[in-house]
Amino acid sequence: MRLSLFAIFLAVTAAGAERAFNPTFESPAPLSAQSPIDALVFDRLKRLDIQPAFLSSDAVFLRRAYLDVIGTLPTAQEALQFLADRDPAKRAALIDRLLERPEFADYWAMKWSDLLRVKAEFPINLWPNAAQAYHHWIRAAIRENQPYDRFARELLTASGSNFRDAPVNFYRAMQSKEPAAIAQTVALTFMGTRAENWPPERLAAMAGFFSQIGYKETGEWKEEIVYFKPRPAGAPAAAVAFPDGTPARLAPGRDPREVFADWLIAPKNPWFARNAVNRVWSWLLGRGIIHEPDDIRPDNPPSNPELLAYLEQELVASHYNLKSIYRLILNSQTWQLSSIPRTTRAEAAANFAYYPLRRLDAEVLADAICETTGTTETYTSAIPEPFTFIPEDQRAISLPDGSITSAFLELFGRPPRDTGLEAERNNHLTAAQQLHLLNASHVERKIEQSPALQYLIRSSKGGPQLVTGLYLMILSRPPTSEELQAVMAYGQDAKLKPREAVNDLAWALMNSAEFLFRH
Amino acid sequence: MSHTNLPLVPLNRREALRCGLYSAFGLLLGNRAAAPLLAAAPNAKAKSVIQIWMWGGPSHLDTFDPKPDAGNDYCGPLKTPIATNVSGIRISELLPLLAQQADKYSLIRSMTHGVNSHETASYTVQTGRMSGGREVYPSVGAVVSLFKGYNAGYKGLIPPYIVLTQPQGRFDEAGFLGSRYKPFATGGDPAQARFAVEGVVAPGITDQRQQDRREYLHKLNTLANTLPGDPQLASAKEAEQQAYELILGDAGKVFDLAQEKDELRDLYGRNTFGQSCLVARRLVERGVPYITINYNGGWDTHKLNFQTMRRKLPEMDKGMSALLADLAQRGMLDSTIVWWNGEFGRTPKVQWEAPWNGGRGHHGQVFSALVAGGGFQGGHVVGASDARGEEVKDRPVYPVDLIGTMYDLLGIDTDAKLPHPLGLPARVIPAPADGVKSAGRLKEIT
């Protein structure tokens, strides 16, 4: 009995492994390790005897590319065009187009603003004008693809006014301005490591680089100048050392932040490039090669050291061109794998054998709901002085200031931007969120009053054409024949007015896993 | 004082994150079990609080601290306060029903903080702290939700901290405790035929259609059906089931006022405030520890103060007196604190000139509060204002004194630490060394 059950089990797993692909989500194209990323990932999977997932279908690729690269859904038109395109190189072409979209800068400025704590009010207290200036600077750096080493150096060494010299806000966006606290924030942001777990001497030695920062007010309301404030003559110099233990010699009159920054961004620095590529990888693939991506330490090894080393070399060799790292990863088959695993092995996730499901970020979800329904959202700052005007068509991903928010964003786990930790963002789908999505008048009204739905109803001939239009608008793909059948049957069974049936379909698709999760 | 020693140590960052301090509000958090479990105080007198928040700052002279001898420039047309069922206590002539319930509540006529702007005074009255520091402290509701909510074994599907119906706005109820301790604002209007609580009741959608739609969703959820083993989707499915227990199951019926007798609903008053009081009673019956009725009734009477009083006080009188009587009759008043307070009072001297035309300004020097139930004795007056209601005459009561007394009655250890996201020391009630003005707990009425 036992044996035969085992035999059935074997037969079932074997059948599972060889099952036909699911054309909605998967593509039959063979995997080929053409890029170094794929060679390293697939080689490791092979050694672990883990079968990677199929490649994603074009529709899944399209939606994933938009959501991962620009935090924005494709329009029905964009989806249709891409799906109809016969060009075999269309995936690479779409990636190139998306990397140049203005939403690329919006979305990644949002991510960096989480890490750099861009928030006007408690507890960061940058003040609205300064938060705006800081965000503007970050977004411009991303839009211009400023080399990442320069980006970091400017943040670390800036002096001047919080309103006019925006990167100085890096040193203001901290709850504590003690040198050790600043050192912790620097280590977290640019080294991906948590200095509170270091031996205290090591942290104290690094803190020395941040012990000569001055802050002073000016005559302008809430303006603050951040500046290099040399040690008073005769004051004893603290022992200052880099995090690798090398002692630093600080010439009097030289801003020690510059000494630290030059050490940090040197190509041989073991933390700097590693932190950057590991974060980008985790943003695109759902988990770091070192995981959590901001908890790099000797006893938390990378799941694929060769892969991490390859990406580090590429970043340095490209002169810290982060966009080129995006392009490398996005063009890999690894990133383009389907989210349907072909294995039940526990190590599959950490070795990137499939693309993991992730609920949309709060801001991306808010925008997706607005865009599919053709509606807008109201954002406010709880503390209205100076009064912030937020235009009606504001997208959540381009909100500059963490203090500008909405009940929806709060509910869906937008990070408070208090600490810069990646884990501040909570993408776990809770019952309260389900309650909101399934039944709140907020979403219901958007569907009922949706100009986009109205337009679709008026411009289509009803029936299958309307259903296809809705699917393209909400899920970026046409319905399968089973889905089409289910939809047609529902309209007849439920005895609804035509508009109610359309609303229910939109509602169901917007509550489906395919809408709510990156996949 | 309570005798519990709460095992509430400051969480470190990662624990705080794991406990969802940064996640959405606490309804049915998947990882609830990971939160620190707080011991419930064995000898707490109060189980729940109904806070009637008089946003805008109601006039103390025209409600619970009348000054008929101060003359027309102070009391305007309201010159004849009425006796209550407690000898020696008189209140506004516009509150005849509450006058019959004075044995159930006590009045504090010497509340003071000296703050005259809405936001900062709201913060002070509801946190016990003065604003201006780097820290934003949590309000009473968030603290009660911390100590008597999910971390303390509360298991209801209804969130432990509810606001009827709109959030206060411009006020971060949870402070540094984070969004998990924010209140759930019901939205909707309980005076309507169907109280459309946001997310729980969708107006215009029948239960049948809800069920049809749910099946429809399951049928069309192609990706989820393709990935039955995915842990993320399994937890999403569990969350969906819990949501539907509120939408279609019994839990959400707490908001269904059709379950109450018409006569009782009439008694509370068929308006938003009156019906909110009734919903609050139903929530207390289900064990919800903190309910704020955000009574945005136009109490900020810079202009035409007396017209507003004549229009709004009868509504307040009806709703509040019905609530007190109903709670008492059901034997719930002994374990339920009813707390009526605005952020400040109003200037005793009437501004007759245009453009005010008989208005009153903000007045934080002295104002009134009402407390009832949950261990508060009724039938007393604490403190006094001077002859014109301008300054404290006897026994100042600072917000922290009143809040500390409520915590004592709720069995919340006021010396306990609040979990600060960075582990900074923060106490439930400030230590004497923190310099927050205090004149001692309200021993007179507990």
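Just so it is clear, the model here is predicted, and its values are computed rather than measured.

A. Here's a closer look at the overall build of chain B. The helix and strand tally for chain B stands at 12 helices and 14 strands. Across the 446 residues that make up chain B, the buried fraction comes to 56%. In chain B, of all internal contacts separated by at least 6 residues, the share reaching a separation of at least 24 is 73%.

B. Region of the structure containing the overall build of chain A. Counting its secondary structure elements, chain A contains 24 helices and nine strands. The C-alpha atoms of chain A give a radius of gyration of 25 Å, which matches the 24 Å a tight globule of 519 residues would have. Long-range contacts, defined as pairs at least 24 residues apart, comprise 68% of the intrachain contacts of chain A with a sequence gap of at least 6.

C. Structural view of the domain arrangement of chain B. Here the domain parsing of chain B yields domain 1 (13-201 + 259-445) and domain 2 (202-255). Relative to domain 2 of chain B, the C-alpha centre of domain 1 of chain B lies at a distance of 36 Å.

D. Up close: the interface of chain B and chain A. Each partner contributes residues to the interface: chain B has 47 residues there, and chain A has 49 residues. Where the side of chain B that touches chain A is concerned, the elements lending two or more residues are α1 (13-18), α6 (207-220), α7 (222-226) and α8 (231-247) of chain B. If one sorts the elements of the side of chain B that touches chain A by residue count, α8 of chain B sits on top with 10 residues. A class-by-class count of the residues in the side of chain B that touches chain A yields 26 nonpolar, 11 polar and 10 charged.

E. Highlighting the sheet that holds strand β4 (residues 213-217) of chain A. Pairing within the open sheet is antiparallel, and its three strands lie in the order β3-β5-β4 (chain A). Each edge of the open sheet is held by one strand with a lone partner, namely β3 (160-161) and β4 of chain A.

F. Local environment of helix α8 (residues 148-157) of chain A. Residues and elements named next belong to chain A. Buried residues dominate α8, accounting for seven of its 10 residues. All buried positions along α8 are accounted for by Y148, D149, F151, A152, R153, L155 and L156. Packed against the buried residues of α8 are α7 (128-143), α9 (169-172), α10 (179-191), α12 (256-264), α13 (272-285) and α15 (322-330).

G. Inspection of the packing of helix α10 (residues 272-285) of chain B against helix α11 (residues 305-329) of chain B at higher detail. Residues and elements named next belong to chain B. Orientation of α10 relative to α11, taken along the N-to-C sense of each, is 20°, at an axis distance of 8 Å. Classified by the angle their axes make, α10 and α11 are roughly parallel. The two elements α10 and α11 cross, and the hand of that crossing is right-handed. Only E315, M316, K318, G319, M320, A322, L323, D326 and L327 of α11 make contact with α10, whose side of the interface consists of F273, G274, C277 and R281.

H. How the structure looks around the confidence of the model for chain A. In this model, chain A carries an average pLDDT of 92, and 95% of its residues clear a pLDDT of 70 or more. Low pLDDT, under 50, characterises residues 1-16 of chain A; the stretch is placed with zero contacts to residues that sit more than four places away or in other chains.

I. Molecular detail of the pairing of strand β5 (residues 224-228) of chain A. Residues and elements named next belong to chain A. Bridge analysis of β3 against β5 gives two bridges, and the strand direction is antiparallel. Across the sheet, residue G160 finds its bridge partner in β5, namely V226. As paired strands, β4 and β5 are joined by five bridges and run antiparallel to one another. Each bridged residue has a counterpart across the sheet, and for G214 the counterpart in β5 is Y227. Where β4 hands over to β5, the hairpin turn is made up of six residues, of which K222 adopts a positive phi near 70°.

J. Quick look at helix α20 (residues 451-459) of chain A. All names here are of chain A. Along α20, the residues that are buried comprise A452, L453 and L456. Down the axis of α20, the buried side of the element spans an arc of 100°, and every buried residue falls inside it. Exposed residues on α20 whose side chains face more than 90 degrees from its buried face are P451 and R458.

K. A look at the sheet that holds strand β1 (residues 48-54) of chain B. Residue and element names in this part refer to chain B. Judged by pairing direction, the sheet is mixed, and its eight strands sit side by side in the order β6-β5-β7-β1-β8-β11-β4-β12 without closing on themselves. Only two strands of the sheet have a single partner each, and these edge strands are β6 (184-185) and β12 (381-382). Sheet topology places strand β8 (residues 336-342) next to strand β11 (residues 367-372); three bridges connect them, and they run antiparallel. Looking at the pairing, W339 lines up with V371 of β11. Together, β1, β5 (161-164) and β7 (290-294) form the strand contacts of helix α5 (residues 140-148), whose direction differs from that of β7 by roughly 160°.

L. Looking closely at unusual backbone geometry. With omega at -5°, the peptide bond leading from H291 of chain A into E292 of chain A counts as cis. Residue position: E292 of chain A is located in the loop between α13 and α14 (305-317). Look at the link from A354 of chain B to P355 of chain B: it is a cis peptide, with omega at 0°. The topology assignment puts P355 of chain B in the loop between β9 (345-346) and β10 (362-363). If you check the backbone angles, R117 of chain A has positive phi at about 60° while not being a glycine. Topologically, R117 of chain A is positioned in the loop between α6 (102-115) and α7.

Scoring rules and cut-offs
Residues numbered from 1 in each chain as written. Chains lettered and ligands numbered in written order. Predicted model: local features only at pLDDT ≥ 70, side-chain atom pairs only at ≥ 80, totals over all residues. Helix = DSSP H or I, 4+ residues; strand = E, 2+ residues; numbered from the N terminus. Buried ≥ 20, exposed ≤ 12 C-beta atoms within 10 Å, placed from the backbone. Contact = placed C-beta atoms within 7 Å. Rg over C-alpha atoms; globule rule 2.2 N^0.38 Å. Domains from an automatic or database assignment. Nonpolar A, V, L, I, M, F, W, Y, C, P; charged D, E, K, R; others polar. Pairing = 2+ DSSP bridges. Axes fitted to C-alpha atoms, helices over the stretch in contact; angles between N-to-C directions. Parallel < 35°, antiparallel > 145°, perpendicular 65-115°, else oblique. Left-handed = near helix turned anticlockwise from the far one by under 90°. pLDDT = per-residue confidence, 0-100. Arc of directions from axis to C-beta.

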